[in-house]
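Each chain, written out:
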Amino acid sequence: MKALLDSFRPGLTNREITPLQFFGKHGITIAFFLCVVIFSLTTDKFLSTDNFFKVVMQASIIGTIALGVTFVVIGGNLDLSVGSLLSFATVLVVDLHDKVGPGMAIPLMFVFTLLIGSVNGFLIGYLRLNSLIVTLGMLSAIQGITLVYTGGKNVDISNDENTWFDIFGRGDLFGIPVPALIFIVSAIVLQVVLLKTSFGRKVFAIGGNGTAALFSGLRRNRLVFSTYLLSAFTTACAALILGSRVMGSQNNVGQGYELLVLAGVILGGTSLLGGSGSIVRTVIGVLILALIQNGLQLLGYPYYSQWLVTWVVIIAAVWLDIAAKRGKLFSSY
Amino acid sequence: MKVQISSVRIIQHIGKISLLAGSLTLGLSGMAQAETFRIGITQNNVGVDSYQTTYEQAFKDAADETDNVETVVLDAGGDVARQISQVRDLIQQQVDVIIIWPTDGQAVVPAVKRAKEAGIPVVVTNSNIAEAGQPLIAAFSGPDNIKQGAYSAEMMCDQLGGKGEIVQITGQPGYTTAKERQKGFEDRLAEVCPDVKILDSQPGNWNREKAQRTMEDFLTSYDRIDGVYAGDDNMGVGALNAAKSEDRADEMIFIGATNFAVGYEAMARGEYHGSVYQSPAEDARNALETAIAVAQGKEVEKMSYFDTPKITRENMDEFEKPVF
């Protein structure tokens, strides 16, 4: 609850802040700028507008999904099904594109993706099943549905030069790549929703203390249901970007993405126990992951260095977060 | 949780009953025809991609067309444990030959050993098992990935005119196919084209989106790239997408492997320059033929590779568009 109070009662932050608390609160932002500085100094290609937008664009798929998942996690649940949901949605929109045209394919894809999201929401919100088990099961189930749908085949958009569907993944608006724009705009909207609407506050409340929220008259089941609808919605937006960028899809295109999404959310300091978190910090978390990947490849380092560095950064972020909360670097018992 | 466990048991029971029924019908038909060979196959993960889906269909078709062959076609669904129990079932059914498409080249070795001890020869198909298992198998049937890599190197060398700087996008790290193609490519390139330099190699995980991202970073890193070698066409087309979006595709030669339909189409448009044609149907037929030869007690090559020719813009008319 403490984190919740901090974010809603600005007056509290006037208290004296220890250096540890400062790093715990702003560590992620510092890490972000540290990454930028290190990569800028070590490679001359890194610091350019082009490369910056490229990184944001590369982060946009994982990032857009992470926005919705942040709500789920703040509400005290997990969503591991987003990776295969992304595969499903992308396969669907790409396959339908050639069959019924993009104008019909996009709404249909949204409908079916939200339908699956509502199954998650129903099982976890109304039946109160454990979210880890439900979404882990959904991960395989959705993968299965996708495989049955395609019969194992890759799907492609046959005429990728002549379709307006390409704006979502390949277009530019005011010199900014559209995927980056979708990501940033969704982030701003959802940050406002999280902080300025009653829905956002209620999600904090059910994640922070479900019982207290219940006694305060909040409908936990409906709120949890909505968070899963939201994560399905952002996953559908990501599928739009992916399908348009690649102009095709394969059954397992989103395999493992759920963990990258979760890594971004955790890196952003959202507590896995629920009750605290922020969209802006999730954005920074996802961007750090993308920066590490981009920067290390520009430096010509082998791929496994990315895994190692990513792991170190996540551990450092989680440690700082916990250390700031308990006021000490090490646990005394 | 209790409910879940019992449902898994029920599924297992159903599986066993259907296997039993399968073997029963096989047994009956076996009685009718004395000379019939029974060949059991446990595949890796049918349905996960078009290659494996087409393979299974072609395998069944080829078996139907061949006289005196009965098959038990199983699929491990990518699960090593299930594959091992399927091998055990096939041993119990006393098939004449077991064909395995390994889910894991290392973990299936004990199952292969058990089959050999039971006197049933094993043919490994598509991707080979670990070194430790090699003495235990009757034959390996599949593509020669080292040679495929070498073919790609030769095409790259030809099209670049012997000089240039290229980047490489490899498959999933740790996969035998990815490693062998990379090795075949790099070794052969050094032989035929010592003046072609590989600037960098990064994995694309057999994923087009990932390959596209990798290529975008290559494009930032290097102001001049003369060629791209991708471990399969799916990733190769991802690289092509990235280069096209920055208007730099024209300056590059794109060479892939395992010709996909998208690669074939891009080749027809003149944007994609070479690949290796690997037919899943050919793969399946080769496995069945090898297994039959083993069952008949004939001498077979330990490494029974099927032909995977080079495909370029010049000769692409000779090939049908891939189904995947």
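Residue positions are given per chain, counting from 1 as you read along its sequence in written order. Going through the entries in the order they are written, you letter the chains from A and number the ligands from 1. Confidence filtering applies because this is a predicted model: local features only for residues at pLDDT of at least 70, side-chain atom pairs given and counted only at 80 or more, and all residues used for totals across whole chains, interfaces and linings.

## Structural notes on the overall build of chain B
Rule in force here: Strands here mean DSSP runs of E at least two residues long; helices mean DSSP runs of H or I at least four residues long; both are numbered from the N terminus. Whether a residue is buried, exposed or partly exposed follows from its count of other C-beta atoms within 10 Å of its own C-beta, namely 20 or more, 12 or fewer, or something in between, respectively; the C-beta atoms are built from the backbone. Here, residue contact means that the backbone-derived C-beta atoms of the two residues sit within 7 Å.
The helix and strand inventory of chain B stands at ten helices and twelve strands. Residues classed as buried in chain B amount to 52% of the 324 residues present. Pairs at least 24 apart in sequence give 73% of the contacts found in chain B among residues at least 6 apart.

## A closer look at the overall build of chain A
Quick reminder of the rule: Both definitions apply: the radius of gyration is a C-alpha atom measure, and the globule rule equals 2.2 Å times residues to the power 0.38.
For chain A, the count of helices and strands is 14 helices and four strands. Relative to the compact-globule value of 20 Å for 333 residues, chain A shows a C-alpha radius of gyration of 20 Å, a close match. Once the C-alpha set of chain A is aligned to its principal axes, its extents read approximately 60 × 55 × 35 Å. Here chain A holds 333 residues, and 52% of them are scored as buried. Within chain A, contacts between residues separated by at least 24 positions form 79% of all contacts whose residues are at least 6 apart in sequence.

## Details of helix H9 (residues 261-268) of chain B
Regarding H9 of chain B, the residues found buried are Ala-261, Val-262, Gly-263, Ala-266 and Met-267 of chain B. Of the surrounding elements, those touching the buried residues of H9 of chain B are strand E1 (155-156) and strand E4 (248-249) of chain A together with helix H8 (233-245) and strand E10 (274-276) of chain B. Once H9 of chain B finishes, Gly-270 of chain B follows within two positions and takes phi at roughly 85°, a positive value.

## Quick notes on unusual backbone geometry
All names here are of chain A. We note that Arg-128 has phi near 55°; this positive angle belongs to a residue other than glycine. Along the chain, Arg-128 turns up in the loop between helix H5 (102-126) and helix H6 (131-150). With phi around 60°, Met-247 is a residue other than glycine that occupies positive phi space. Considering the arrangement of structural elements, one finds Met-247 in the loop between helix H11 (220-246) and E4.

## Structural notes on the interface of chain B and chain A
Selection rule: All residues other than Ala, Val, Leu, Ile, Met, Phe, Trp, Tyr, Cys, Pro, Asp, Glu, Lys and Arg, Gly among them, are scored as polar; the first ten of these are nonpolar and the last four charged.
Chain B puts 26 residues into the contact, and the matching count from chain A is 25 residues. Per-element accounting of the side of chain B that touches chain A gives the leading share, eight residues, to helix H7 (residues 208-221) of chain B. Its residues assigned to classes, the side of chain B that touches chain A comprises six nonpolar, 13 polar and seven charged.

## Focus: the pairing of strand E3 (residues 97-100) of chain B
Two faces belong to every sheet, and in a regular strand the side chains alternate between them. Residue and element names in this part refer to chain B. To keep it simple, the criterion reads: Pairing between strands requires that DSSP locate at least two bridges from one strand to the other. Whether a crossover is right-handed comes down to one check: with the strands pointing away from the viewer, does the path from the first strand over the helix to the second run clockwise; if it does, it is right-handed.
Both faces of E3 are covered, namely the face carrying Val-97 and Ile-99 and the face carrying Ile-98 and Ile-100. Both strand E1 (residues 37-43) and E3 contribute to a ladder of four bridges, which runs parallel. Bridge pairing in E3 places Ile-39 opposite Val-97. One ladder, built from three bridges, connects E3 with strand E4 (residues 122-125); its direction is parallel. Residue pairing in the sheet places Ile-100 in a bridge with Val-124 of E4. Taken together, E3, helix H4 (residues 109-117) and E4 form a β-α-β motif whose crossover is right-handed.

## So, the sheet that holds strand E11 (residues 303-305) of chain B
Residues and elements named next belong to chain B. Applicable threshold: Interaxial angles span 0 to 180 degrees and are taken between N-to-C directions of axes, which are lines fitted to C-alpha atoms, for helices over the stretch in contact.
Here we have six strands laid out as an open sheet, ordered E2-E1-E3-E4-E5-E11, and parallel in their pairing. The sheet is open, and its two borders are formed by strand E2 (69-75) and E11, each paired with just one other strand. Neighbour-to-neighbour, the strand axes of the sheet open up by a mean angle of 20°, direction not taken into account. The sheet strands contacting helix H10 (residues 280-295) are E1, E2, E3, E4, strand E5 (139-142) and E11, and the helix crosses E5 at an angle near 160°.

## Topic: the pairing of E1 of chain B
Residue and element names in this part refer to chain B. Among the seven residues in E1, six count as buried, and that is most of the element. Examined bridge by bridge, E1 and E2 share seven bridges and lie parallel to one another. Opposite Gly-40, over in E2, you have Val-72 as the bridge partner.

## So, the domain arrangement of chain B
All names here are of chain B. Put simply, the rule reads: Domain limits in this description derive from either an automatic procedure or a database domain assignment.
Under the domain assignment used here, chain B contains domain 1 (35-143 + 281-306) and domain 2 (145-277). Summarising the inter-unit geometry, the C-alpha centres of domain 1 and domain 2 are found 31 Å apart. Counting from both sides, the interface comprises four residues of domain 1 and, opposite them, four residues of domain 2. Looking at the side of domain 1 that touches domain 2, its residues break down into one nonpolar, three polar and no charged.

## Details of the nonpolar core
Worth spelling out the cut-off: Residues enter a nonpolar core if they are buried, belong to Ala, Val, Leu, Ile, Met, Phe, Trp, Tyr or Cys, and are joined to the set through C-beta atoms within 7 Å.
With 95 residues, the main nonpolar core has Val-261 and Ile-288 of chain A as its most contacted residues. Sequence-distant contacts of Val-261 of chain A, defined by excluding residues within four places in its chain, comprise Ile-62, Ile-65, Ala-66, Val-69 and Val-82 of chain A. Residues Val-72, Ile-120, Ala-150 and Phe-260 of chain B belong to the second largest nonpolar core, which totals 81 residues.

## A word on the environment of Pro-121 of chain B
All names here are of chain B. With respect to the helices and strands, Pro-121 occurs in the loop between H4 and E4. The class for Pro-121 is partly exposed, based on 19 C-beta atoms found within 10 Å. Each C-alpha atom, one on Pro-121 and one on Val-97, is 5.3 Å from the other, the two residues being 24 residues apart in sequence. Discounting residues that sit within four places of it in the chain, Pro-121 has contacts with Val-97, Ala-138 and Val-294.

## What about the environment of Gly-268 of chain A?
Residues and elements named next belong to chain A. Inspection of the secondary structure puts Gly-268 in the loop between helix H12 (257-267) and helix H13 (279-298). According to the C-beta neighbour criterion, Gly-268 is buried, with 25 such atoms within 10 Å. Separated by 235 residues in sequence, Gly-268 and Phe-33 place their C-alpha atoms 14 Å apart. Those residues in contact with Gly-268 that sit more than four places away from it in its chain are Ile-28, Gly-277, Ser-278, Arg-281, Thr-282, Ile-284 and Gly-285.

## Points about the packing of helix H5 (residues 145-160) of chain B against helix H6 (residues 176-192) of chain B
Residue and element names in this part refer to chain B. Heads up, the rule is: Should an angle fall under 35 degrees it is called roughly parallel, over 145 degrees roughly antiparallel, and 65 to 115 degrees roughly perpendicular, with every other angle called oblique. For any helix crossing, the convention is left-handed if the near helix is rotated counterclockwise from the far helix by under a right angle, and right-handed if that rotation is clockwise.
Contact pair H5 / H6: the axes reach a minimum separation of 7 Å and the direction vectors enclose 40°. Accordingly, the angle class assigned to the pair H5 and H6 is oblique. You can see that H5 and H6 cross each other, and the crossing is right-handed. When H5 is examined against H6, the residues Asn-145, Ile-146, Lys-147, Gln-148, Gly-149, Ala-150, Ser-152, Ala-153, Glu-154, Met-156 and Cys-157 are found in contact with a partner set consisting of Thr-177, Glu-180, Arg-181, Gln-182, Lys-183, Gly-184, Phe-185, Arg-188, Leu-189 and Val-192. For the contact of H5 with H6, a count of residues per class yields eight nonpolar, seven polar and six charged.

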